Amino acid sequence: MVAPPDDDVLWARALHVRHDGAPALTGVSLGVREGEILAVGGPRGSGKTTLLRCLSGQLLAQEGEVRFDGTPLHTLGRAARERLRRDRFGWIDPAPVLVPELNAWENAALLLMLRGVGRRRSKATALEWLDRFDIGGCARKRPCALRHAERQRVAIARALAPAPTVIFADEPTAPLHRADRAQVLRTLTTAARSHGIAVVLATHDAETAAFADRTVSLLDGRRVDTVHLPPVGETEGRATCSLSA
């Protein structure tokens, strides 16, 4: 059995995943260090979301293993994996998923309150994060009264508020206009680094990947040495690669 490096908080070895018999991941291995911003690049359909789901314990690979802080995720039961995702992981979807009955600050504070943090402290933390993302003035608005980009900022604030060990961000700025994208990514990555939070950032965009400390590239479910990611709005079919050893 190969042991993960001591400085890797998250580690995957030889992951194989098949969906309906078709390969989604083939032999993918990687490590994520504490506080590192790691971009998982590649065109759409390359396996980025599947890899993030495996790393976060949402999906168990048919072969290979994932370890968090040395613990193999496949040895944990469903309830234990759910607690891990609630207490140690954060997740940002491409489209914001907010509770419609709650206002913006309540949505941003939701994970804190689920962990047992008091309402006053949860609200103060949520409002601080909403201010960082320039939507403090929307704190009392419900999701239906927010623009799509504002809802996504609330979702990102919600992921950061509990200061998880790892945040999995699946195309987190996809709903944002290009002018907003860099500001939100800068806030996300700066905050993560200052709090020692690792971020695994899935993206098909070279400008987004540039905010990361390091990039791992996928193509057709395999890790490759190089994938030339297109800028926003350009054709994705131009990706070129060479397979990793």
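Residues numbered from 1 in each chain as written. Predicted model: local features only at pLDDT ≥ 70, side-chain atom pairs only at ≥ 80, totals over all residues. Heavy atoms only, no water.

Asks: Looking at this model, I keep getting lost on the pairing of strand E9 (residues 214-219). Mind explaining?
Replies: Sheet faces and side chains relate simply in a regular strand, where the side chains alternate between the two faces. Pairing of strand E3 (residues 37-41) with E9 involves four bridges; the strand directions are parallel. Looking at E9, one finds that Val 40 is bridged to Val 216. Pairing analysis gives three bridges linking E9 to strand E10 (residues 222-224), with the strands arranged antiparallel. Counted as the bridge partner of Ser 217 is Val 224 from E10. Following E9, the chain reverses through two residues before pairing antiparallel with E10; Asp 220 in that reversal takes a positive phi of roughly 55°. (Pairing = 2+ DSSP bridges. Helix = DSSP H or I, 4+ residues; strand = E, 2+ residues; numbered from the N terminus.)

Asks: Got a minute to help me understand the packing of aromatic side chains in this structure?
Replies: The geometry of two aromatic rings is summed up by the distance between their centres and the angle between their planes. Scanning the entire structure with this criterion turns up three aromatic pairs. Residues Phe 89 and Phe 168 carry aromatic rings whose centres are separated by 5.2 Å and whose planes lie at 85° to one another, so their mutual orientation is edge-to-face. You can see Phe 89 sitting in strand E6 (residues 89-92) and its partner Phe 168 sitting in strand E7 (residues 166-170), a full 79 residues away along the chain. Ring geometry for Trp 91 and Phe 168: centres 6.1 Å apart, planes at 35°, overall tilted. Separated by 77 residues along the polypeptide, Trp 91 in strand E6 and Phe 168 in strand E7 bring together distant segments of the chain. The class for Phe 168 is buried, based on a relative accessible area of 0%. Feature note: the residues Phe 68, Phe 89, Trp 91 and Phe 168 constitute an aromatic cluster, connected by ring pairs. Arg 132 extends its terminal NZ or CZ atom over the ring of Trp 129, reaching a point 4.2 Å from the ring centre. (Phe/Tyr/Trp six-rings, centres within 6.5 Å; stacked < 30°, edge-to-face > 60°. Buried < 20%, exposed > 50% of the residue type's maximum accessible area, 1.4 Å probe, protein only. Lys NZ or Arg CZ within 6 Å of the ring centre and 35° of its normal.)

Asks: Any chance you could explain the nonpolar core here in plain terms?
Replies: Soluble globular proteins tend to pack their nonpolar side chains together in the buried interior. Leu 130, Phe 133 and Leu 160 are the most contacted members of the largest nonpolar core, which has 37 residues in total. Contributing elements (two or more residues each) for this core: E3, helix H3 (104-114), helix H4 (119-132), helix H5 (148-160), E7, helix H6 (178-194) and strand E8 (198-203). If sequence neighbours within four positions are ignored, Leu 130 has contacts with Ala 104, Trp 105, Ala 108, Ile 135, Gly 136, Ala 139, Val 154 and Ala 157. Counting 29 residues, the second-largest nonpolar core is a separate cluster that includes Leu 10, Ala 12, Leu 30 and Leu 84. (Core = buried A, V, L, I, M, F, W, Y, C linked by side-chain atoms within 4.5 Å. Contact = heavy atoms within 4.5 Å.)

Asks: How do you make sense of unusual backbone geometry when you look at a structure like this?
Replies: Backbone phi values are negative for most residues with the exception of glycine, while trans is the configuration of most peptide bonds. Positive phi values are uncommon outside glycine, yet Ala 163 reaches one of about 50°. The topology assignment puts Ala 163 in the loop between H5 and E7. In this structure Ala 163 comes out as partly exposed when scored by relative accessible area, which is 41%. Phi at Glu 171 takes a positive value of approximately 50°, unusual for a residue other than glycine. Tracing the backbone through its elements, the reader meets Glu 171 in the loop between E7 and H6. We classify Glu 171 as buried; its relative accessible area is 14%.

Asks: How do you make sense of the sheet that holds E6 when you look at a structure like this?
Replies: Within a sheet, each strand pairs with its neighbour through backbone hydrogen bonds, oriented either parallel or antiparallel. In space, the six strands of this open sheet follow the order E6-E7-E8-E3-E9-E10, with mixed pairing throughout. Each edge of the open sheet is held by one strand with a lone partner, namely E6 and E10. Mean inter-strand twist for the sheet, computed between neighbouring axes without regard to direction, equals 25°. (Axes fitted to C-alpha atoms, helices over the stretch in contact; angles between N-to-C directions.)

Asks: Hey, could you run me through the pairing of E3 in this one?
Replies: Of all five residues making up E3, five are buried, and the element is well covered by its neighbours. The alternating pattern of E3 places Ile 37, Ala 39 and Gly 41 on one face and Leu 38 and Val 40 on the opposite face, and all of these are buried. Inspection of the sheet shows E3 paired to E8 by five bridges, in the parallel sense. Paired with Val 40 across the strands is Ala 202, a residue of E8.

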